[in-house]
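# Residue-level structural notes
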Amino acid sequence: MAQAIRPQSQISLLSTDGKPHPLQDTLMAVTLILGAVSFITAWFYNLHLLTSWTGLIGILTGAYGQFISETTRERFALIIGLGASGIGFYLGMAHGGLFGGVVS
């Protein structure tokens, strides 16, 4: 029960371990940016190429980030980015797809 009386000097809502994770943080930031771009451009019909490609890359980046993530903070942000990338990807696919109009 030593852990029960251990002083909590840094109480974190998202339970970080205090160690640096540069690869995971980079993947998290890239996934969030790609998800935001994909989600925002999904509402414009003629931007389906940008929407679907950024969504697909965001999904792949986020999936790998989830695979190697170590803290709850990373997983939380990756899920937000994955959700936005997924919505953007599917709407981009509905509006014309990855090669819509470019490749017959």
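The following refers to the structure shown. (Residues numbered from 1 in each chain as written. Predicted model: local features only at pLDDT ≥ 70, side-chain atom pairs only at ≥ 80, totals over all residues. Heavy atoms only, no water.)

Moving on, we come to a nonpolar patch on the surface. Side chains of Ile33, Val37, Phe39, Ile40, Trp43, Phe44, Leu47, Leu50 and Ile87 sit close together on the surface and give an oily, nonpolar patch of about 840 Å² of accessible area. In terms of residue count, the dominant contributor to the nonpolar patch is helix 1 (residues 22-41) (four residues). Checked against the element boundaries, Phe44 lands in the loop between helix 1 and helix 2 (48-68). (Patch = residues over 30% accessible without salt bridge, like charges linked within 9 Å, V, L, I, M, F, W, Y side chains within 5 Å. Areas by Shrake-Rupley, 256 points an atom, 1.4 Å probe, with all protein chains shown as cover. Salt bridge = Lys/Arg side-chain N within 4 Å of Asp/Glu carboxyl O. Helix = DSSP H or I, 4+ residues; strand = E, 2+ residues; numbered from the N terminus.)

For the rest of this paragraph, the subject is the packing of aromatic side chains. Any aromatic ring pair is given by two values, namely how distant the centres are and how the planes are angled relative to each other. Throughout the structure, instances matching the rule amount to three aromatic pairs. With a centroid separation of 5.9 Å and an interplanar angle of 85°, the aromatic rings of Phe39 and Trp43 are classed as edge-to-face. When the centroid spacing of 5.5 Å and the interplanar angle of 75° are considered together, the rings of Trp53 and Phe99 count as edge-to-face. Of this pair, Trp53 sits in helix 2 while Phe99 sits in the segment after helix 3 (72-95), placing them 46 residues apart in sequence. Among the residues examined, Trp53 registers a relative accessible area of 34% and is labelled partly exposed. You can call Phe99 partly exposed: its relative accessible area is 45%. (Phe/Tyr/Trp six-rings, centres within 6.5 Å; stacked < 30°, edge-to-face > 60°. Buried < 20%, exposed > 50% of the residue type's maximum accessible area, 1.4 Å probe, protein only.)

Our next topic: the pattern of salt bridges. Scanning all chains against the criterion turns up one salt bridge. Notably, a salt bridge pairs Asp25 with Arg73, separated by 3.1 Å at the nearest N-O pair. Here Arg73 lies in helix 3 and Asp25 lies in helix 1, a separation of 48 residues in the sequence. A relative accessible area of 26% means that Asp25 is categorised as partly exposed. Under the relative-accessibility criterion, Arg73 is labelled partly exposed at 28%.

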